[in-house]
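What follows is each chain in one-letter form.
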Amino acid sequence: MANMLYFMGFLALSCSLALASDPSPLQDFCVAAPNGQVFVNGQFCKDPKQVTENDFFFSGLNKPGNTANPLGSKVTPVNVAQIPGLNTLGISAARIDFAPYGLNPPHIHPRGTEILTVLEGTLFVGFVTSNTENRLVTKVLQKGDVFVFPQGLIHFQHNAGYGNAVAIAALSSQNPGLIIVANSVFGSKPPIADDVLAKAFQVDKSVVDHLQSQFWMDN
C-alpha cells in the first residue's frame, strides 16, 4: 500500500512537471496552419507536404523598433504568429528597443520564462517575487549581460543610460503571452468597477477614475 501511494505521488508530480510548459512535439514539426477550423491548445498543424522553408523563417530583427511613443520602447516579437514553424517547439524570441529613459513597463508572461541579453546600452531590470514576500530583485545590466525573469512574475526593463538601448529576449514558449499590469488593471474593457480598484489600492475613487481615463498603450 505504501509503495502504491509513493508511486501515485510520483506519477502526479511527474504529470504536473510535464504539463508545466508547452507540450513536446510528437513529430519533427507541426507548422501552424492559418485559419484552422478546430480550436486546439496551440495551433492546428499544417500538412507536412505543404511546409516550406519560409515557415521557419523571419526577417527584420536587425531593424530598430519605433520608440516614438509615451513609453519610449518597442517590442518586436518573434513567436508562433511570426514563425509558424515554432508551433509545439516551446521557444520564441523578441527584440526590445529603448529610447533614452524608455521603459518596458511592468508585465507578466504567464506561459514562459524570459532570458534577456543586452546588445547595446544600459538597462535597469527587475522582477517581483510572489505573495507574500513580494521581494523586488533588481540589477543594472551592461552590454553583453544576461538576466532571467522567471515565468509568471511581474518584471520590467528601463533604459538607465543617456543613449538608445537594445536587448534580445528568448522565452520558453511558442506563445508566452503578455499581461501589462497597468493596462490590465486600469484599461480593461469593460472597466473594473472603480470602487473595487479604490478598495484594492486603498485610494480615493477619483484617483482610479483618472487612471482609467488615460490611454493605456501596448508597446
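The numbering scheme is per chain: residues are counted from 1 as the chain's sequence reads. Given that this is a predicted model, residues contribute local features only at a pLDDT of at least 70 and side-chain atom pairs are listed and counted only at 80 or more, while totals for whole chains, interfaces and linings are drawn from all residues. Side-chain numbers come from the whole structure's heavy atoms, not from hydrogens or water.

A. Focus on the pattern of salt bridges. The working definition used for a salt bridge is a side-chain nitrogen of Lys or Arg within 4 Å of a carboxyl oxygen of Asp or Glu. Evaluated as defined, the whole model comprises four salt bridges. A salt bridge links Glu 133 to Arg 135; the shortest N-O distance between them is 3.4 Å. Buried means the residue's accessible area, taken with a 1.4 Å probe over protein chains only, is under 20% of the maximum for its type, while exposed means over 50%, and partly exposed covers the values in between. You can call Glu 133 exposed: its relative accessible area is 53%. Classification of Arg 135 as partly exposed rests on a relative accessible area of 45%.

B. The arrangement of the nonpolar core in detail. One finds Leu 116, Leu 123, Val 125, Phe 127, Leu 141, Phe 147 and Phe 149 to be the most contacted residues of the largest nonpolar core, which totals 16 residues. A run of H or I in DSSP counts as a helix once it spans at least four residues, and a run of E counts as a strand once it spans at least two, with each numbered from the N terminus. Only β2 (92–98), β4 (114–120), β5 (123–128), β6 (136–141), β7 (146–149) and β9 (165–171) provide two or more residues apiece to this core. Ranked by the residues each element gives to this core, the list is headed by β9, at four residues. Only heavy atoms matter for contacts: two residues are in contact if any of them lie within 4.5 Å across the pair. With sequence-adjacent residues up to four places away left out, Val 125 is seen in contact with Leu 116, Val 137, Thr 138, Lys 139, Leu 141, Phe 147, Phe 149, Phe 156 and Gln 157. Grouping buried Ala, Val, Leu, Ile, Met, Phe, Trp, Tyr and Cys residues that are joined through side-chain atoms within 4.5 Å yields what is termed a nonpolar core.

C. Structural context of unusual backbone geometry. Omega for the bond connecting Asn 131 with Thr 132 falls within 30 degrees of zero, at 10°, which places this linkage in the cis form. For Thr 132, the location among the structural elements is in the loop between β5 and β6. Following Lys 189, the chain continues into Pro 190 via a peptide bond in cis, with omega recorded as -5°. Tracing the sequence through the fold places Pro 190 in the loop between α2 (181–186) and α3 (194–201). The phi dihedral of Asn 134 is positive, around 50°, even though this residue is not glycine. Structurally, Asn 134 can be placed in the loop between β5 and β6. Its identity as a non-glycine residue notwithstanding, Gln 202 has a phi of 55°, on the positive side. Looking at the element boundaries, Gln 202 is found in the loop between α3 and α4 (205–212).

D. Molecular detail of the sheet that holds β4. Pairing in this open sheet of five strands is antiparallel, and the strands run β1-β2-β9-β4-β7 from one edge to the other. Each end of this open sheet is capped by a strand with a single partner; those strands are β1 (73–78) and β7. Each neighbouring strand pair of the sheet contributes to a mean axis angle of 20°, computed without reference to strand direction. Across six bridges, β1 lies against β2 in antiparallel orientation. By the bridge assignment, Thr 76 is partnered in β2 with Arg 95. Note on pairing: DSSP must find at least two bridges between two strands before they are called paired. Lines fitted to C-alpha atoms define the axes, with helix axes restricted to the stretch in contact, and inter-axis angles between N-to-C directions lie between 0 and 180 degrees.

E. How the structure looks around the state of the cysteines. Disulfide: a pair of cysteine sulfur atoms within 2.5 Å of each other. The tally for this structure, following the rule as stated, stands at one disulfide. The disulfide that involves Cys 30 links it to Cys 45, with 1.6 Å between the sulfurs. Around the S-S axis, the bridge from Cys 30 to Cys 45 shows a dihedral of about -95° and counts as left-handed. You can see Cys 30 sitting in the loop between α1 (2–18) and β1 and its partner Cys 45 sitting in the loop between α1 and β1, a full 15 residues away along the chain. Since its relative accessible area comes to 3%, Cys 30 is described here as buried.

F. Seen up close, the sheet that holds strand β10 (residues 179–180). Spatial strand order, β6-β5-β8-β3-β10: five strands in an open sheet with antiparallel pairing. Of all strands in the sheet, those with a lone pairing partner are β6 and β10, marking the two edges. In this sheet, strand β8 (residues 155–159) lies alongside β5 in antiparallel orientation, the contact comprising five bridges. Each bridged residue has a counterpart across the sheet, and for Phe 124 the counterpart in β8 is His 158.

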